[in-house]
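Inside the fold
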Amino acid sequence: MEFVRLDGERLTLVFALEKGGAADCVYLGARLPAGEDLAMLAAAGARGRHESQPDVPPVPGLLPERKGGWSGTPAVVLRRASARVATHFRVSGWEADAGALAIRFADRLAGVEVAVRWRIGAGDVLRCAATITNTAAAPLEVERCAALALPVPARFTEATTYAGRWAAEMQEHRRAILPDGLRRVSAIGKPGFAGGNWLLLHAGEEVLGAHLSWSGDHWLALEPDRQCAADGRAVLLMAAALESGEVVLAPDDSVTTPEAVLALAPNRSALAQAFHAHLRAEVLPGRKDWGPRKVHLNSWEALGFDLSEDGLMALADQAAALGAERFVLDDGWFGGRRDDTTSLGDWTVSPDVFPNGLAPLIAHVKSLGMDFGLWVEPEMVSPDSDLYRAHPDWCLHTEGREERPTMRGQLALDMAREEVRNHLFAALDALLRENAIAYLKWDHNRDLFPCAPGQAEGFHALLDRLRAAHPQVEIESCASGGGRIDFAVLSRVHRVWPSDNNDAVERLRIMPAWSQFLPLEVLGSHVGPSPNPITGRRLGMDFRAKVAIFGHMGVEADPARMSDRERETLKAHIALYTAWRGVLHAGALHRLAHPDQNVTGLMVSHEDRALALVAQTAFSPVFDAAPIRLAGLAPEARYRVTLPEPWPPKAKHYLANPDQWRAGLVLSGTALMTHGLALPLTHPETAWLIALERLAA
Ligand code: GLA
């Protein structure tokens, strides 16, 4: 037995590897001292055989399989000529590099090799993937190959899973890890709203976050304490869900899984910071060259399908007057698309709406100092479209069946077909060549059925080709809001649309949930109309605008329908966003705790500045809400604290010493983090911003 340690800055993993035997991870936790005796560490965690176990207790390890009497779910499921292959993998070798470990397994009788790769990078985030190779002479079907198989240290006793639906994504459910474990699977061809590709495991405050970086279907299992597991650890498995026959390897062929991504942190704020560091350094395309995230005005909740050149130009005037920097024309600009029943696939500018093409509108937008963005939904086709009439066989369908069930009146194109991808590339490439388009909102509003093998790969290939041809164009992954958010798509796009729900009360739940994994600069965050078109809730502009600042801010409402006062308030908050985005989009995110669960607090600190958002959604149960305690400050440093104006309505009435707040209070990091600030958090739908500036020592 040999021991290999993989060290991050604050993290160590210890692997126990036995040539001709098994591979296990015997330690995952805080960084161990340099001289730690790894054999003794393994001995300290080893268990003897208990009754009712095979005589040689099986170790699920890093490649759990049924050999030797282990009864859990195997990481690799293979078939030859329809029959299940009974595998018995043995470690054949490994290569350890600084921050990386590749372990090779072979089963000579079955003619299969598996290589499992672990890599540790920015933020101490771990990336794991497996490659499976067919070394025999007959084809090999891969039914499942886990990207990650990890025996989870037994101190993790609780899990947070995510569930949701359209407009109510990422609802957190924390529960004990029960003996029956948990299992998540998607079957709609994309990660979807149900959130099964995200997971937290808790050991008290300590938290392990996991994600499958894949834009197609996922499969996740957490299996605690199976009868034959040697030592009571739960096994966490994450894989892309494959269709039957989707992956068949010819002799000598191999396939590599998507990556599973793992991070371990002492608390949830530190976990968010780890994932953000990983995305910023290793995932987001060209992140270090991104300029400031421009304020959007999007036409959807302002005009819907009621589009005209004049109306859009007037909306652009209003947008510019507020301080918007990008004007995004949403659905309805193409083909015969005057409502959502028609024309997806006909990606040519509608002469009914734009008799002279998009050029006059784009010129107008540019003359106002903004750039121009456009909505597309490339992978879809309406039955009532020229594309469908020309190529009825291009959509996903079951050969020989008449039925072609629609969703939102649309069908999905078969992205595995090269001619489909070529056609879409040509259409989008022409749009981008002929028009000065800085940004594409890439939507995807239908589930993929019947099943769609190769769909996610086809989508990635089209995106990659388009990005290579137009590297300056920013892209958003939308998918009805929240329907296709994963690190694989994030390696190709510049932001995501977290939810169609712009209601600020709902966003106060949705944004902290997404920002557990994603940094604020990729999370579109728009001020919507009041009443909100989805929830019907009426909210004041001050509250809506403050909440929207904590993301990539935009406006998705018609300013012409706002009062002068609302427009002024919105404009002032857009100015605050532009002044603070350098902090919000580069800094460390902290989740602020408060005893009232209706108070949400987020804070971002960067270099010598920090900004916090503290928002109250329901009527306070007490007259004087507990002070909000800040986080992430240098204990000894002194900070000037102000409450950036405009203040919420009635603030002056409740704020004890407004003049002092205007001048700024000077307090130590320790005082701010321990004692906190007593803010008037009494009325529902009140939000405050807190600005901090570190003073020179
Ligand atoms: C989806 C998107 C919305 C909007 C509409 C347009 O629902 O999530 O933001 O673009 O499509 O049809």
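Residues numbered from 1 in each chain as written. Predicted model: local features only at pLDDT ≥ 70, side-chain atom pairs only at ≥ 80, totals over all residues. Heavy atoms only, no water.

Scanning the protein from terminus to terminus reveals 15 helices and 37 strands. The globule rule puts the C-alpha radius of gyration for 697 residues at 26 Å, and the 27 Å found for the protein is close to it. In terms of overall dimensions, the protein has C-alpha extents of about 80 × 70 × 40 Å along its principal axes. Separation between the mean location of the 71 positive side-chain charges and that of the 86 negative ones in the protein comes to 3 Å. (Helix = DSSP H or I, 4+ residues; strand = E, 2+ residues; numbered from the N terminus. Rg over C-alpha atoms; globule rule 2.2 N^0.38 Å. Lys, Arg positive; Asp, Glu negative; His and termini not counted. Charge placed at Lys NZ, Arg CZ, Asp CG, Glu CD.)

So, about the sheet that holds strand S3 (residues 23–30). A sheet is described by the order of its strands in space; here 3 strands give the open sequence S1-S2-S3, paired in antiparallel fashion. Edge positions in the open sheet fall to strand S1 (2–7) and S3, since each of these has one partner strand only. Looking at each pair of strands side by side, their axes are set apart by 20° on average, direction ignored. For strand S2 (residues 11–17) and S3, the ladder comprises 7 bridges, and the chain directions are antiparallel. Paired with Ala16 across the strands is Asp24, a residue of S3. Where helix H1 (residues 38–45) meets the sheet, its contacts fall on S1, S2 and S3, and the angle it forms with S1 comes to roughly 100°. (Pairing = 2+ DSSP bridges. Axes fitted to C-alpha atoms, helices over the stretch in contact; angles between N-to-C directions. Contact = heavy atoms within 4.5 Å.)

Before going further, it helps to examine empty space enclosed by the protein. Evaluated as defined, the whole model comprises 6 cavities of 30 Å³ or more. Estimated volume of the largest cavity: approximately 70 Å³. Around the largest cavity, the lining residues are Asn502, Ala504, Arg507, Met511, Ser525, His526, Val527, Gly528, Arg544, Val547 and Ala548. Counting residues per element, the ones that place at least two in the lining of the largest cavity are helix H10 (504–515), strand S30 (524–527) and helix H11 (541–549). Here the lining of the largest cavity is built from residues that sort into 5 nonpolar, 4 polar and 2 charged. (1 Å grid on protein atoms, 1.4 Å probe; cavity = no way out; pocket = protein on both sides within 12 Å on 5 of 7 lines; lining within 4 Å. Points joined across faces, edges and corners; volume = space filled by probe spheres on them. Nonpolar A, V, L, I, M, F, W, Y, C, P; charged D, E, K, R; others polar.)

This part covers the sheet that holds strand S37 (residues 686–694). On the basis of which strands lie adjacent, the open sheet formed by 6 strands has the order S32-S33-S34-S37-S35-S36 and antiparallel pairing. Each of the sheet's edge strands pairs with one partner strand only, and the pair in question is strand S32 (588–592) and strand S36 (665–668). The mean angle between the axes of side-by-side strands here comes to 25°, regardless of whether they run parallel or antiparallel. Of the strand pairs in this sheet, S32 and strand S33 (residues 599–606) are connected by 5 bridges, and their pairing is antiparallel. The residue of S33 that forms the bridge with Leu589 is Val604. Against the sheet, helix H12 (residues 564–584) touches S33, strand S34 (609–616) and S37, its axis set at about 115° to S34.

Let's shift gears to the environment of Gly323. Its place among the elements puts Gly323 in the loop between helix H4 (309–322) and strand S23 (326–329). Residues Gly323 and Asp393, 70 residues apart in the sequence, show an inter-C-alpha distance of 46 Å. Those residues in contact with Gly323 that sit more than four places away from it in its chain are Val295 and Ile574.

This brings us to the pattern of salt bridges. Tallied over the full model, the rule gives 42 salt bridges. Measuring nitrogen to oxygen at the nearest pair gives 2.9 Å for the salt bridge that ties Glu645 to Arg662. Of this pair, Glu645 sits in the loop between strand S35 (638–642) and helix H13 (651–654) while Arg662 sits in helix H14 (residues 658–663), and the two are 17 residues apart along the sequence. The class for Glu645 is partly exposed, based on a relative accessible area of 39%. Taking the relative accessible area as the measure of exposure, Arg662 reaches 40% and is therefore partly exposed. Each of Arg293, Lys294, Arg326, Asp371 and Glu474 takes part in salt bridges that share partners, so that together they form one network. (Salt bridge = Lys/Arg side-chain N within 4 Å of Asp/Glu carboxyl O. Buried < 20%, exposed > 50% of the residue type's maximum accessible area, 1.4 Å probe, protein only.)

Let us now look at the site of the ligand. In the vicinity of the ligand lie 13 residues, with Asp330, Asp331, Arg408, Lys441 and Asp500 positioned nearest. With respect to the ligand, the side chain of Asp443 contributes an N or O atom lying 3.0 Å from an oxygen atom. Between the ligand and Asp500, the relevant distance is 2.5 Å, taken from an oxygen atom to a side-chain nitrogen or oxygen of the residue. Here the ligand, which alone exposes 300 Å², has 96% of that area covered by the protein. (Near = heavy atom within 4 Å. Polar contact = N/O pair within 3.5 Å; in protein donor to acceptor, adjacent residues only side chain to side chain. Areas by Shrake-Rupley, 256 points an atom, 1.4 Å probe, with all protein chains shown as cover.)

This part takes up the pairing of strand S28 (residues 474–477). Here strand S27 (residues 439–442) runs beside S28; their pairing, made up of 4 bridges, is parallel. The partner of Trp442 across the bridge, within S28, is Ser477.

Moving on to the side chain of Glu476. For Glu476, the position within the fold is in strand S28. A residue is classified by how much of its surface remains accessible, and Glu476, at 1% relative accessible area, is buried. A polar atom in the side chain of Glu476 sits 2.8 Å from the side chain of Arg495.

So, on to the packing of aromatic side chains. In total, this model carries 15 aromatic pairs according to the counting rule given. Geometrically, the ring pair formed by Trp647 and Trp688 is tilted, given 6.3 Å between the ring centres and 55° between the ring planes. A residue pair is termed long-range when its members are at least 10 positions apart, and Trp647 in the loop between S35 and H13 and Trp688 in strand S37 qualify at 41 residues. Grouping residues by exposure puts Trp647 and Trp688 together as buried. Against the face of Trp219 rests Arg144, its NZ or CZ located 4.1 Å from the ring centre. (Phe/Tyr/Trp six-rings, centres within 6.5 Å; stacked < 30°, edge-to-face > 60°. Lys NZ or Arg CZ within 6 Å of the ring centre and 35° of its normal.)

The next point concerns the confidence of the model for the protein. On average, residues of the protein score 96 in pLDDT, and 99% of them reach the 70 mark or higher. Averaged pLDDT values for the elements of the protein fall to 79 in H13 and rise to 99 in S23. (pLDDT = per-residue confidence, 0-100.)

Taking 1.5 Å of rise per residue, 17 residues should cover 24 Å, and helix H7 (residues 418–434) covers 24 Å from first to last C-alpha, within 8% of that figure. Along H7, the residues classified as buried are Val420, Leu424, Phe425, Ala427, Leu428, Asp429, Ala430, Leu431 and Leu432. Here the buried face of H7 lies against strand S24 (371–376), S27 and helix H8 (455–469). (Expected span 1.5 Å × (residues − 1).)

Further remarks concern the pairing of strand S13 (residues 168–176). Examined bridge by bridge, strand S12 (residues 158–165) and S13 share 7 bridges and lie antiparallel to one another. Bridge pairing links Ala159 to Arg175 in S13. The loop that links S12 with its antiparallel partner S13 comprises 2 residues; one of these, Ala167, has a positive phi angle of about 70°.

Structurally, Glu556 is set in the loop between strand S31 (552–555) and H12. No salt bridge is formed by the buried Glu556; its nearest oppositely charged neighbour, Lys441, is found at 4.6 Å. Polar contacts involving the side chain of Glu556 include one to the side chain of His526, which spans 2.7 Å. Not counting the four nearest positions on each side in its chain, Glu556 is found in contact with Asn298, Trp300, Glu301, Ala302, Trp497, Asn502, His526, Val527, Gly528 and Pro529.

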